[in-house]
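Tertiary structure, described
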Amino acid sequence: MAEPPPALPPAALPALAAAIRVWSDNHPDPDAPVFGFPDGSVPLTPRGLAERMSMAAAGHTHPEVDRVLWLYSHAAAAVGIDELIGRLLALSQLRPRGGFLVR
Amino acid sequence: MTAVALLSPEGDKTEQVMGQWSASLASILSGDPRYTVLSDARGAVVCQANLAQQVNGADAVLYFGHGKPDHLGNPVQVMTAQDGPTVAHLAIGGMACHAGARLGHDLVNQSSARGFLGFDDQFCVYLANPSVFGSVITAALRELLDPASTGDAALKVLKDGFHHLRFHYQAVERDPTATQRQRYAAHEIWMASYPNELTAVWIAPSAGGTPGQAVAGDHEDDSGLMVYA
């Protein structure tokens, strides 16, 4: 079985949750399903990702929260948690071409 | 000629996206004289009670939907270890979460299935653009079905495909000429590709060690693609 990635350090969760919230708030389609897991769970939207990571940062445990932690732990394992947060915030700075940012 | 059975429950949004991969593959196979699509079952007819009939005469069965470690199908079970005699000697593509962790091993090692291509942990489907992951999945399954190829080669196509997506879309995410929507989408595809690359497995009776794990000699080449020893 593939080695699971290292767990996200609890101390980093609030900053990561905040970055995902900013990313979600600026997402072009915050309520559109983005990720599906063929284990029978509900598809995740950007807003759903942000809500579940906020729950994780507050110490809640739930299978839906675990799924989001699993996803972001892989991303953090790939590039480091600081770069991951930086990339989320960098995306959030973008504006639609030829338009205005709508919140 | 390789006879193929396709099973797509299409019970919810995630399975419907996966059903598009199945439809795409069916279209490709129908135009190739080396293959015949024996059955292309969709919706509620995909269930354990109908499995024997749907795979009767097939050389390979390809499933696209929910899974758990010990079964394909959720909440309606489609295939468990009890179906070993039904799928004996078939190549199985289990495009589902978790089933490569236990079910694949049970079917191959206890019931002589030819092999099982799948995922041994969660499998993340990018829903916003089905064709992005669909192209990787269909390429790997075509390799699995190819009589001149091997399951190991199919696994390599699967892993390399997600690896390529990860690096390609990481670059798109950083591309200042891309639109906001394109860069957000690129970030999401990058996020979902990496775990899929890691958890893909090919389980074969003769495979030594744990399928899907890196072995001595595996390395990334200069282009960033994985080279398997």
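An account of the accompanying structure is given in this report. (Residues numbered from 1 in each chain as written. Chains lettered and ligands numbered in written order. Predicted model: local features only at pLDDT ≥ 70, side-chain atom pairs only at ≥ 80, totals over all residues. Heavy atoms only, no water.)

Time to look at the interface of chain B and chain A. Across the contact, 43 residues belong to chain B and 35 residues belong to chain A. Across the chain B/chain A interface, buried area totals approximately 3,600 Å², and carbon plus sulfur atoms make up 60% of it. Looking only at chain B, the three residues that lose the most surface to chain A are B:Gln180, B:Tyr184 and B:Met191, adding up to 21% of its buried area. For the pair chain B and chain A, the number of links is three salt bridges. Residue A:Asp29 pairs with B:Arg181 through a salt bridge whose shortest N-O separation is 2.5 Å. Remark: the boundary between chain B and chain A carries 18 residue pairs in polar contact (both at pLDDT 80 or more). Elements with a minimum of two residues in the side of chain B that touches chain A: helix H1 (13–30), strand E4 (67–68), strand E9 (125–126), helix H6 (151–173) and helix H7 (180–199) of chain B. Class assignment of the residues belonging to the side of chain B that touches chain A gives a composition of 18 nonpolar, 15 polar and ten charged. Strand direction decides the pairing type here: strand E1 (residues 35–36) of chain A and E9(B), joined by two bridges, are antiparallel. (Contact = heavy atoms within 4.5 Å. Buried area = accessible area lost by both parts, 1.4 Å probe. Salt bridge = Lys/Arg side-chain N within 4 Å of Asp/Glu carboxyl O. Polar contact = N/O pair within 3.5 Å; in protein donor to acceptor, adjacent residues only side chain to side chain. Helix = DSSP H or I, 4+ residues; strand = E, 2+ residues; numbered from the N terminus. Nonpolar A, V, L, I, M, F, W, Y, C, P; charged D, E, K, R; others polar. Pairing = 2+ DSSP bridges.)

Residues and elements named next belong to chain B. Enumeration over the complete set of coordinates arrives at zero disulfides over all chains. Free cysteine: Cys97, not disulfide-bonded; nearest cysteine sulfur from Cys124 at 8.4 Å. Overall, the relative accessible area of 0% leaves Cys97 in the buried class. (Disulfide = S-S within 2.5 Å. Buried < 20%, exposed > 50% of the residue type's maximum accessible area, 1.4 Å probe, protein only.)

Bringing the packing of helix H3 (residues 63–79) of chain A against helix H4 (residues 81–92) of chain A into the picture now. Residue and element names in this part refer to chain A. Put simply, H3 and H4 touch, their axes get as near as 7 Å, and they point 110° apart. Looking at the two axes, H3 sits roughly perpendicular to H4. For the pair H3 and H4, contact is made by Tyr72, Ala75, Ala76 and Val79 and by Ile81, Glu83, Leu84 and Arg87, respectively. When grouped by side-chain class, the residues that make up the contact of H3 with H4 number six nonpolar, no polar and two charged. (Axes fitted to C-alpha atoms, helices over the stretch in contact; angles between N-to-C directions. Parallel < 35°, antiparallel > 145°, perpendicular 65-115°, else oblique.)

Residues and elements named next belong to chain B. The six strands lie next to each other as E2-E1-E3-E7-E8-E10, forming an open sheet whose pairing is mixed. Lying at the two open borders of the sheet, with one neighbouring strand each, are strand E2 (35–42) and strand E10 (200–203). When strand polarity is set aside, the average angle formed by the axes of neighbouring strands in this sheet is 10°. In this structure, strand E1 (residues 2–8) lies alongside E2, joined through seven bridges in parallel fashion.

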